[in-house]
Amino acid sequence: MINPKMEAALNSQINEEFYSSFLYLSMSAYFESVSLTGFAHWMGIQAQEEHAHAMKFYTYLIQKGGKVNLRAVAEPKTKWDSVLNVFEDTYEHEQKITLLIDNLVNLAIEVKDHASNSFLQWFVTEQVEEESNVTKIIDELKMIGDNRTGTFMMDRELKQRIFTPPPVA
Ligand code: OFO
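Residues numbered from 1 in each chain as written. Predicted model: local features only at pLDDT ≥ 70, side-chain atom pairs only at ≥ 80, totals over all residues. Heavy atoms only, no water.

## Remarks on the nonpolar core
Taken as a class, soluble globular proteins show a tendency for nonpolar side chains to be buried jointly.
No. 1: One finds Phe31, Phe39, Met43, Val86 and Phe87 to be the most contacted residues of the largest nonpolar core, which totals 23 residues.
No. 2: The set of elements that each furnish at least two residues to this core consists of helix H1 (4-33), helix H2 (37-63), helix H3 (83-110), helix H4 (114-144) and helix H5 (148-158).
No. 3: Excluding residues that lie within four positions of it along the chain, Phe87 makes contacts with Phe31, Phe39, Trp42, Met43, Val134, Ile137, Ile138 and Leu141.
No. 4: Core analysis: the second largest hydrophobic core is formed by 20 residues, Leu10, Ala54, Tyr60 and Leu120 among them. (Core = buried A, V, L, I, M, F, W, Y, C linked by side-chain atoms within 4.5 Å. Buried < 20%, exposed > 50% of the residue type's maximum accessible area, 1.4 Å probe, protein only. Helix = DSSP H or I, 4+ residues; strand = E, 2+ residues; numbered from the N terminus. Contact = heavy atoms within 4.5 Å.)

Structure representation (structure tokens):
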């Protein structure tokens, strides 16, 4: 049993998480097109994580007896001006997601849905990490500037990223 307002809001968040996955996959494809395979790999993992986030919401909603309503996913952007520009967009997007998660927590409190509030706390913590990871990359990119060797070294470093599935709801 789940509050109908919460059910609708969680369905919207499933769509947002699938869109996040699409956006990062599109960024990954952009990096492939400019032969930055390490950056492409990092974004590919990011896309996988977002898919897992969507599924975490999906599983939770079903466990709570809610109805999952999947909707069309918006078309992501496909071109960027620079590597830095991609990560600036990523940061902006993650800030938007943080706001959405905070709004979900506010709603859970409003409708006295303690289970959803508890479930959402994992995402609250995750968003701190997401924003911090992207900020670190933006800072490094700003330090590197137009230096090709620096970009190449960073590309190699980002290739090491490993996908860690989030804990099941
Ligand atoms: Fe990038 O975050 Fe999902 O929730």
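## Quick notes on the pattern of salt bridges
No. 1: Inspection of every chain in the model, using the stated rule, returns four salt bridges.
No. 2: Linking Glu16 and Lys96 is a salt bridge whose minimum nitrogen-to-oxygen distance equals 3.2 Å. Placement of Glu16 in helix H1 and of Lys96 in helix H3 is noted, with a sequence separation of 80 residues between them.
No. 3: On the accessibility criterion, Lys96 (38% relative accessible area) is partly exposed.
No. 4: Between Asp89 and Lys77 there is a salt bridge, with its nearest N and O atoms 2.8 Å apart. (Salt bridge = Lys/Arg side-chain N within 4 Å of Asp/Glu carboxyl O.)

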